[in-house]
Amino acid sequence: MSLPKPAMRGLLAKRLRFHLPIAFGLSLIAAAAFKFGVTEPRKKAYADFYKHYDSMKEFSAMKEAGIFESVRPTGK
Amino acid sequence: MAHPTQLGFQDAASPVMEELLHFHDHALMIVFLISTLVLYIIIAMVSTKLTNKYILDSQEIEIVWTILPAVILVLIALPSLRILYLMDEINDPHLTIKAMGHQWYWSYEYTDYENLGFDSYMVPTQDLAPGQFRLLETDHRMVVPMESPVRILVSAEDVLHSWAVPSLGVKMDAVPGRLNQTAFIASRPGVFYGQCSEICGANHSFMPIVVEAVPLEHFENWSSLMLEDA
């Protein structure tokens with residue numbers, strides 16, 4: 001019985017043909033993961049923070065906490 | 001201010017800093033894309049004994065790895081230039097403050113209406129009150145009205161300094177004999193810290209900047225009080 005002749009050429013090219021699409025795919029997945037895991041949530045967090053932000057209410061809370069030097073707490 | 005184990009930027013307190021944050025996220029996404037690609041290829045190539053010594057050239061791959069980086073660079077450049085021009089817009093400031101760098105403290109001059117000026121020295125560690133931040137607190141803070149465009153004219157009296165407040169997205173070199181202009185809007189009330197950002201001698205690390213953003217009415221009360229005390 002005779003064995004089939006093994007592939008003896010183009011072995012590195014075959015390896016590249018297998019791995020390069022995976023490399024590109026993984027890098028696109030990494031970019032998408034960062035975009036939807038970090039970038040978009042951060043944009044949304046800032047938008048949500050300022051959507052209903054009451055600067056005077058926050059200022060009053062900070063003032064009563066005593067963090068400012070230009071304006072002291074009123075003790076209310 | 002920064003906190004221990006912090007990796008990213010401080011929370012943005014001005015619209016420009018928010019834009020810078022988002023641009024940094026965009027650029028970092030591209031960095032991860034390229035780094036993942038390169039790392040995978042490196043591992044795939046070092047983990048085999050297969051070689052090919054007979055490829056001399058390939059027009060196709062040369063075109064791909066010229067065009068693709070050019071496209072990526074354009075994708076980085078366009079938002080970058082957008083922010084650059086955004087930062088340079090005429091913004092009609094409500095207030096102009098001069099920040100002068102000295103060895104080793106900052107002085108602030110509010111000369112729009114009256115002549116208000118004061119020095120801002122770091123509070124030494126042994127004089128800190130409980131809850132205050134080491135190497136960041138100053139005896140007099142630069143108070144500004146919140147949600148108002150403020151122009152800062154930065155210069156120095158002796159050597160190079162740099163006026164920087166990371167959460168406001170501001171950094172401007174203080175050069176003796178030169179007036180540099182920058183501007184910001186504090187989006188919310190609060191206290192924002194920065195440090196001198198150009199080596200200026202022995203106490204370069206000990207001349208911090210503290211900006212206090214308060215409503216206009218309180219800013220006016222503060223400036224009247226400061227003028228009375230002067």
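Residues numbered from 1 in each chain as written. Chains lettered and ligands numbered in written order. Predicted model: local features only at pLDDT ≥ 70, side-chain atom pairs only at ≥ 80, totals over all residues. Heavy atoms only, no water.

Keep this limit in mind: UniProt positions are given in the numbering used here, feature names are shortened, and annotations may be inferred rather than shown by experiment.
Under UniProt, chain B has the name Cytochrome c oxidase subunit 2 and belongs to Carassius auratus. In UniProt, chain B has this text filed under Catalytic activity: "4 Fe(II)-[cytochrome c] + O2 + 8 H(+)(in) = 4 Fe(III)-[cytochrome c] + 2 H2O + 4 H(+)(out)". UniProt annotates chain B under Subcellular location with the comment "Mitochondrion inner membrane".

As recorded in an unreviewed UniProt entry, chain A goes by Cytochrome c oxidase subunit 6C and comes from Carassius auratus. Reading the Sequence similarities (unreviewed entry) entry of the UniProt record for chain A gives the comment "Belongs to the cytochrome c oxidase subunit 6c family." Comment text from UniProt for chain A, heading Pathway (unreviewed entry), reads "Energy metabolism; oxidative phosphorylation."

## Comments concerning the packing of helix H1 (residues 11-51) of chain A against helix H1 (residues 15-46) of chain B
For the record, the criterion: Fitting a line to C-alpha atoms yields each axis, with helices limited to the stretch in contact; the angle taken between N-to-C directions then spans 0 to 180 degrees. A run of DSSP states H or I qualifies as a helix once it reaches four residues; a run of E qualifies as a strand once it reaches two. Both are numbered from the N-terminal end. For classification, angles of less than 35 degrees are called roughly parallel, those exceeding 145 degrees roughly antiparallel, those between 65 and 115 degrees roughly perpendicular, and all remaining angles oblique. Working rule for handedness: look at the near helix, and if it is turned counterclockwise from the far one by less than a right angle, call the crossing left-handed; if clockwise, right-handed. Charged residues are taken to be Asp, Glu, Lys and Arg, nonpolar residues to be Ala, Val, Leu, Ile, Met, Phe, Trp, Tyr, Cys and Pro, and polar residues to be all remaining types, Gly included.
The N-to-C vectors of H1 of chain A and H1 of chain B enclose an angle of 160 degrees; their axes lie 8 Å apart at closest approach. Taken together, the axes of H1 of chain A and H1 of chain B are roughly antiparallel relative to one another. Judged by the sense of rotation from one axis to the other, the crossing of H1 of chain A with H1 of chain B is right-handed. Across the contact of H1 of chain A with H1 of chain B, the residue classes tally to 24 nonpolar, 5 polar and 6 charged.

## Details of the side chain of Thr-39 of chain A
Selection rule: Here, two residues are considered to be in contact whenever any of their heavy atoms come within 4.5 Å of each other.
Secondary-structure assignment places Thr-39 of chain A in helix H1. Residues contacting Thr-39 of chain A, with those up to four places away along its chain left out, are Phe-34 of chain A together with Asp-25 of chain B.

## Overview of H1 of chain A
Which entries qualify depends on this criterion: Here a helix's expected span is defined as the number of its residues, less one, multiplied by 1.5 Å. To obtain the bend at a residue, axes are fitted to the seven residues ending there and to the seven starting there, and the angle between these axes is taken. Relative accessibility decides the category of a residue: with a 1.4 Å probe and only protein chains considered, values under 20% of the type maximum give buried, values over 50% give exposed, and everything between is partly exposed.
Helix length check: H1 of chain A, at 41 residues, gives a terminal C-alpha distance of 58 Å against a target of 60 Å (1.5 Å per residue), a fit within 8%. At Lys-35 of chain A, H1 of chain A shows its maximal kink, close to 35 degrees. Every buried residue of H1 of chain A is accounted for by Leu-12, His-19, Ala-23, Ser-27, Ala-31, Phe-34, Thr-39 and Tyr-46 of chain A. Packing partners of the buried residues in H1 of chain A comprise H1 of chain B.

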